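Coordinate analysis (summary)
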Amino acid sequence: MRGSCRPRNTRDRPVCMTNCPTLIVTVGLPARGKTYISKKLTRYLNWIGVPTKEFNVGQYRRECLKIYKSFEFFRPDNEEGLKIRRQCAMAALNDVRQYLCVEGGQVAVFDATNTTRERRGTIVKFAEQNGFKVFFVESVCEDPDVVAQNIVQVKLGSPDYIHCNTEEAIEDFMKRIKCYESSYQPLDEVLDRDLSYIKIMDVGRRYLVNRVLDHIQSRIVYYLMNIHITPRSIYLCRHGESDLNIKGRIGGDSGLSARGKEFAKSLRKFIQDQNIKDLKVWTSQMKRTIQTAECLGVPYEQWKSLNEIDAGVCEEMMYEEIQEHYPLEFALRDQDKYRYRYPKGESYEDLVQRLEPVIMELERQENVLVICHQAVMRCLLAYFLDKTADELPYLKCPLHTALKLTPMAYGCKVESVYLGVDAVNTHRDRPENVNVQRTTEDALLTVPSHF
């Protein structure tokens, strides 16, 4: 049950219960990576099961103004501009209230510059009135190369500059930054000692963390201290086809089939052709991923966390056998595949929790090849592609196909490469009929053929 805020007495301000909603507030000049941080943090929290939504005040401003003219709008002496920006901020906060109080959200990310102590004070007051905890995330960057790179990569693609050439857009945006610099009041160790915050300096070179109050805030800090912006690629693929794959049996710990071994050789050539600098290779502790990695001729690490989902009593069974022996379980899994837990086994939800350390380490690393399993690959892919819990268990991750993920400013570029070796299809779509009273024919309608 969600906590709430209640005053201890009439003179004291409200006190948040342990699990009352959290309002994350970004702070910093334009082009400091605030939206990048907001989007990544929102994606991560949703992936681990914390309902989170981002509220970008710039987007509210674009919807209000429709047409952006120039940096003049952001001048500190532009009273009309100040009025509109204040209205947009309040509209966003009203939507934050709706999300956290009515729609069941647990965390809201208020993405804006919030560069003055007065604006931050207004937000803190708003949070106190509504029973929210506030956690500030400030990004400070003095490196002109990083700022320039951010402007080119992100801001030039903004709707504000679709009718400008590159030089005009950069010049205008630099002037926009100047408009904020004169009134910018960074979070201060003394003046803001009562606030909860993390200050990120020069994209992670240094951090300052102050007054972390609860589990959610500590996870936010831990996550933000692990991400980086160094260009890199993450390669995901499943093991080569296994003997149990051919028989249509799930789980188990069988070795590779003849075609699976051919795939391992093709994967080796693919990786060599990619010419990847300092590539790290990770596998599970199961035979089929280890045998696939052995063929690469490079060092690799085994992760128990990367082992396939535990199907419990259904391990090494065919779908037809599960329907025959456990028809109720088969139907219940189809009704909610993400949360369904195999008897004596795991659910996808369990698997996400198991894989969180892997995601955290992937965020720390640069180029990595992860050789894993269908359910595991779905969970990892859902994180990088921002897929919901309902979408996750049905993501297509075919055998003998490598995915190259290249993190971009606000998302992830995906390239799918089929390596030319045939394999059985192990993907089962969700059947239309998920009723526990359904016929065997309806239950097995989407089971892939295996031979």
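Structure report, in brief. From a predicted model like this one, the values you see are computed outputs, not experimental measurements.

This part takes up the side chain of Asp334. One can find Asp334 in helix α12 (residues 327–335). With relative accessibility at 2%, the residue Asp334 sits in the buried group. Within the structure, Asp334 has its side chain in polar contact with the side chain of Arg438 (distance 2.8 Å).

On to the sheet that holds strand β5 (residues 107–111), then. The six strands are arranged β4-β5-β3-β6-β7-β8 in an open sheet whose pairing can be described as mixed. This sheet does not close on itself; its edge strands, each paired only once, are β4 (52–56) and β8 (206–210). Neighbour to neighbour, the strand axes of the sheet diverge by 15° on average, direction disregarded. Strands in contact with helix α3 (residues 79–101) are β3 (22–27), β4 and β5; relative to β5, the strand with the most contacts, it is inclined by about 170°.

Now for the sheet that holds strand β12 (residues 368–372). Sheet strands pair via backbone hydrogen bonds, and the direction of the pair is either parallel or antiparallel. Spatial ordering of the open sheet is given by β11-β10-β12-β9-β13-β14, a layout of six strands whose pairing is mixed. Of all the strands in the sheet, the pair left with one neighbour each is β11 (301–302) and β14 (412–418). Where strand β10 (residues 280–283) meets β11, two bridges bridge the pair, whose relative direction is parallel. Counted as the bridge partner of Trp282 is Glu301 from β11. Those strands touched by helix α9 (residues 258–274) are β9 (234–238), β12, β13 (401–407) and β14, and its axis lies near 170° from that of β9.

Moving on, we come to the nonpolar core. In this structure, Leu224 and Leu380 are the most contacted members of the largest nonpolar core, which totals 53 residues. Beyond its immediate sequence surroundings of up to four residues, Leu380 is in contact with Leu236, Leu306, Leu355, Val358, Ile359, Val370 and Cys372.

Before going further, it helps to spend a moment on the packing of aromatic side chains. Evaluation of the coordinates by the stated rule reveals 14 aromatic pairs. When the centroid spacing of 5.6 Å and the interplanar angle of 75° are considered together, the rings of Tyr68 and Tyr161 count as edge-to-face. With Tyr68 in the loop between α2 (57–65) and α3 and Tyr161 in the loop between α5 (144–153) and α6 (166–181), this pair connects stretches of sequence that are 93 residues apart. Judged by relative accessible area, Tyr68 falls into the buried class, the value being 12%. Here Tyr161 falls in the buried class, since its relative accessible area comes to 3%. Taking 5.9 Å as the distance between ring centres and 40° as the angle between the ring planes, the aromatic pair formed by Phe74 and Tyr180 counts as tilted. Linking Phe74 in the loop between α2 and α3 with Tyr180 in helix α6, this pair joins segments that are 106 residues apart in sequence. Taken together, the ring pairs in this structure connect Tyr68, Phe73, Phe74, Tyr161, Phe173 and Tyr180 into an aromatic cluster. Residue placement shows Lys39 over the ring face of Tyr410; its charged tip is 5.7 Å from the ring centre. Residue placement shows Lys337 over the ring face of Tyr394; its charged tip is 4.7 Å from the ring centre.

Position of Tyr36 among the secondary structure elements: in helix α1 (residues 34–47). Remark: the alpha-carbon pair of Tyr36 and Cys141, spanning 105 residues in sequence, is separated by 14 Å. When sequence neighbours within four positions are dropped, the list of residues in contact with Tyr36 reads Ile227, His228, Ile229, Met408, Ala409 and Tyr410.

Cut-offs used in this document
- Chains are numbered independently. Their residues run from 1 in the order of the written sequence.
- Local features are withheld for residues below a pLDDT of 70 in this predicted model, meaning they are given only at 70 or higher, and side-chain atom pairs are given and counted only at 80 or more; totals for whole chains, interfaces and linings count all residues.
- Just so you know, side-chain values use all the structure's heavy atoms and leave hydrogens and water out.
- Secondary structure elements are taken from DSSP: a helix is a run of H or I of four residues or more, a strand is a run of E of two residues or more, and numbering for both begins at the N terminus.
- Relative accessibility under 20% of the residue-type maximum defines a buried residue, over 50% an exposed one, and the middle range a partly exposed one, all with a 1.4 Å probe and only protein chains included.
- Under this definition, polar contacts are N or O atom pairs within 3.5 Å; protein pairs additionally need one hydrogen-donor-capable and one acceptor-capable atom, and for neighbouring residues in sequence, both atoms have to be side-chain atoms.
- What makes two strands pair is DSSP finding at least two bridges between them.
- Orientation is described by axes fitted as lines to C-alpha atoms, over the contacting stretch for helices, and by angles from 0 to 180 degrees between their N-to-C directions.
- Note on definitions: a residue-residue contact is assigned when non-hydrogen atoms from the two residues lie within 4.5 Å.
- The set of buried Ala, Val, Leu, Ile, Met, Phe, Trp, Tyr and Cys residues whose side-chain atoms join them within 4.5 Å is what this entry labels a nonpolar core.
- A pair of aromatic rings is counted whenever rings of Phe, Tyr or Trp (Trp by its six-membered ring) have centres within 6.5 Å, and the orientation is called stacked for planes under 30 degrees apart, edge-to-face for over 60 and tilted otherwise.
- Placement of a charge over a ring requires the Lys NZ or Arg CZ to be within 6 Å of the ring centre, with the centre-to-atom vector within 35 degrees of the ring normal.

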